[in-house]
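# Reading the structure
Now for the letters of each chain:
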Amino acid sequence: MLITNIKGLVGVHPKEKLLLRGQELADLPVLENAWILLEDGLIKDFGTMDSLSETIKSQYATHDKHSAEGRYVFPSWCDSHTHIVFAAPREEEFALKIAGKSYEEIAAAGGGILNSARKLQDASEDELFESASARLRDMIRQGTGAVEIKSGYGLSVASELKMLRVILRLKQAFPIPIKATLLAAHAYPQAYKNDHAGYIRLITEELLPAVAKENLADYMDVFCEQGFFSISETDELLSAAAQYGLKPKIHANQLSVSGGVQIGVQHHAVSVDHLEETDGSVLACLSSSDTIATLLPSCSFYLGIPFANARGLVNANAIVALATDYNPGSTPSGNMNFVVSLGCIKLKLQPQEAINACTLNGAAAMELSHEIGSIAIGKRANLFITRPMPSLAFLPYSFGQTQVETVILNGEIYHG
Ligand code: NIG
Ligand code: FE
């Protein structure tokens, strides 16, 4: 496929650039009046219109040529934190939340994660696959071209494995890269309410070996939070996961300064996610660390909790990525366009910074930035073409609307 007359080809980073640290986040190279050639599912070449050779022009004179006049071409959004396998939405909690109940209060009253776990127990693998597929199709239509998906609504060996098998089926069925994360340590199930050590043994002695045997997970996540998993429990779980080759991605500092960032960094976590609550020691810990700070502004928006200190993290030389956190309890939305807008409006990132955080750094948070997340020769041709836009900033500016007009996956237009 040849795309010509592109108003701006966005994210033309050098191929060896695999992440953007600190102030580098503002560096978003855009090629104006450009063309791009996609072949065999990959980005074959690109350049400015005056450099388009007669050979390529004649090769695509009569077929598979698309004009993107007035439009921008972006690398697909890379959503590095989601929980899209779940049995049912939880909009009954929405009313409670509006009436003033906090996330913790709703969870303590039998709502929250345990509510989702009860529903998931009765759902079949096929049902879960169908509903997660519908969510994923919606996300792809909104420009997402790589995604991480967590378990964590199973909370038993059988149900966690069921969730991970659904994620494996999604990997096989969808034309985008998908990473799977074991999040059995999402909450203590009812049966282990007073036996935390017993649940941790269940994860380390039964679940982890079974997951490793079927090669069902790429990462291990822990909800490190007051009332959920403590620092020492997180430490024990991450040490056990390392023995099976699972690197950590941690839910840290969502509701309080939990120490989850420090324990994650100590275990060389790929990312520590949320960080709505930060202090100086969190910034110092992530400064110059290879662990990525993944911020989830649509979770703050929905729960009404603080927005993360993105500017502080960027100024501290941390690596900042943005993701949706799509899940039924704290973020019932998988729209990365809205995340980019919130990144600007609420996290005070400039449009270039928010776009980089949702593309190249999002890919890095899934260890996929050699393959996706920017426009470079040889990378996977997952892109989207926008509607005509007056400028790049128009995308986050026009919040709540999608400017994504055409989705291209592996060099082909996505019609799903
Ligand atoms: O990332 N914080 C923990 N997990 C999810 C919410 C899960 C739920 O409420 O179902 C989150 O916000
Ligand atoms: Fe989450």
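Residues numbered from 1 in each chain as written. Chains lettered and ligands numbered in written order. Predicted model: local features only at pLDDT ≥ 70, side-chain atom pairs only at ≥ 80, totals over all residues.

## Digging into the overall build of the chain
Along its length, the chain carries 16 helices and 16 strands. Against the globule reference of 22 Å for 416 residues, the chain gives a C-alpha radius of gyration of 21 Å, in line with a compact fold. Dimensions of the chain along its principal axes, counting C-alpha atoms only, are 70 × 45 × 45 Å. A buried classification covers 53% of the 416 residues belonging to the chain. Sequence-distant contacts, at least 24 apart, represent 72% of the contacts inside the chain between residues at least 6 apart. (Helix = DSSP H or I, 4+ residues; strand = E, 2+ residues; numbered from the N terminus. Rg over C-alpha atoms; globule rule 2.2 N^0.38 Å. Buried ≥ 20, exposed ≤ 12 C-beta atoms within 10 Å, placed from the backbone. Contact = placed C-beta atoms within 7 Å.)

## Section: the sheet that holds strand β6 (residues 77-79)
The strand order β6-β7-β8-β9-β10-β11-β12-β13 describes an open sheet built from eight strands, whose pairing is parallel. Single-partner strands in this sheet number two, and they are β6 and β13 (319-322). Along the sheet, successive strands turn relative to each other by an average axial angle of 25°, direction set aside. Where helix α6 (residues 157-173) meets the sheet, its contacts fall on β7 (144-150) and β8 (178-185), and the angle it forms with β8 comes to roughly 175°. (Pairing = 2+ DSSP bridges. Axes fitted to C-alpha atoms, helices over the stretch in contact; angles between N-to-C directions.)

## Let's talk about the site of ligand 1
Ligand 1 sits among G112, I113, S116, F223, H251, Q254, C299, D325, N327, P328, G329 and S330. Looking at the shell around ligand 1 element by element, the count peaks at three residues for helix α4 (residues 112-122). (Near = placed C-beta within 6 Å.)

## Brief notes about the domain arrangement of the chain
Split by domain assignment, the chain resolves into domain 1 (2-75 + 371-413) and domain 2 (78-364). Computed from C-alpha atoms alone, the centre-to-centre distance between domain 1 and domain 2 is 30 Å. The interface of domain 1 with domain 2 comprises 30 residues on the first partner and 35 residues on the second. At the level of secondary structure, the elements contributing two or more residues to the side of domain 1 that touches domain 2 comprise α16 (394-397) and β15 (404-409). Considering only residue class, the side of domain 1 that touches domain 2 consists of 18 nonpolar, ten polar and two charged. (Domains from an automatic or database assignment. Nonpolar A, V, L, I, M, F, W, Y, C, P; charged D, E, K, R; others polar.)

## Here's the deal with the packing of α6 against helix α7 (residues 196-213)
Packed helices, taken two at a time, are described by the angle their axes make and the gap between the axes. Orientation of α6 relative to α7, taken along the N-to-C sense of each, is 35°, at an axis distance of 10 Å. In this structure, α6 meets α7 at a crossing whose hand is right-handed. For the pair α6 and α7, the contacting residues are V157, E160, L161 and L164 in the first and L202, E206, L207, A210 and V211 in the second. Considered class by class, the residues forming the contact of α6 with α7 number seven nonpolar, no polar and two charged. (Left-handed = near helix turned anticlockwise from the far one by under 90°.)

## A short note on the UniProt feature "binding site: Fe(3+)" (unreviewed entry) in the chain
Per the UniProt entry, the sites bearing "binding site: Fe(3+)" (unreviewed entry) are H81, H83, H251 and D325 in this numbering. These annotated residues cover 245 residues of sequence, and their C-alpha atoms all fall within 12.2 Å of one another, placing them together at a single site. With 30 C-beta atoms counted inside 10 Å, the residue H251 sits in the buried group. When sequence neighbours within four positions are dropped, the list of residues in contact with H251 reads D221, V222, F223, C224, E225, G260, D273 and H274. Summarising the element assignment, D325 is placed in the loop between β13 and α13 (336-345). Judged by local crowding, D325 falls into the buried class, with 30 C-beta atoms found within 10 Å. Excluding anything up to four places from it in sequence, D325 contacts H81, T82, L296, S298, C299, S330 and T331. (UniProt positions renumbered as here; feature names shortened; annotations may be inferred.)

## With respect to the UniProt feature "binding site: N-formimidoyl-L-glutamate" (unreviewed entry) in the chain
Taken from the UniProt record, the annotation "binding site: N-formimidoyl-L-glutamate" (unreviewed entry) applies to Y153, N327 and G329. In sequence the annotated residues extend across 177 residues, while in space they remain close, none of their C-alpha pairs exceeding 11.2 Å. Overall, N327 belongs to the buried group, with 27 C-beta atoms counted inside 10 Å. Residues within four places of N327 in sequence aside, it is in contact with H83 and F86. Relative to the helices and strands, G329 resides in the loop between β13 and α13. C-beta crowding within 10 Å serves as the criterion here: with 24 such atoms nearby, G329 is assigned to the buried category. If we skip the residues at most four places from it in the chain, G329 touches R90, E93, G112, I113 and S116.

## Some remarks on α6
Over its 17 residues, α6 runs 24 Å from end to end, which matches the ideal 24 Å to within 8%, given 1.5 Å per residue. Buried residues along α6 sit against α4, α5 (125-141), β7, β8 and α7. (Expected span 1.5 Å × (residues − 1).)

## Some points on the pairing of strand β3 (residues 42-48)
Sheet analysis places strand β2 (residues 30-39) next to β3, joined by six bridges and oriented antiparallel. Pairing of A34 across the sheet is with T48, part of β3.

## Considering the confidence of the model for the chain
Model confidence for the chain is summarised by a mean pLDDT of 97, while 100% of its residues fall at 70 or above. The complex model carries a pTM of 0.98, and its ipTM stands at 0.96. (pLDDT = per-residue confidence, 0-100.)

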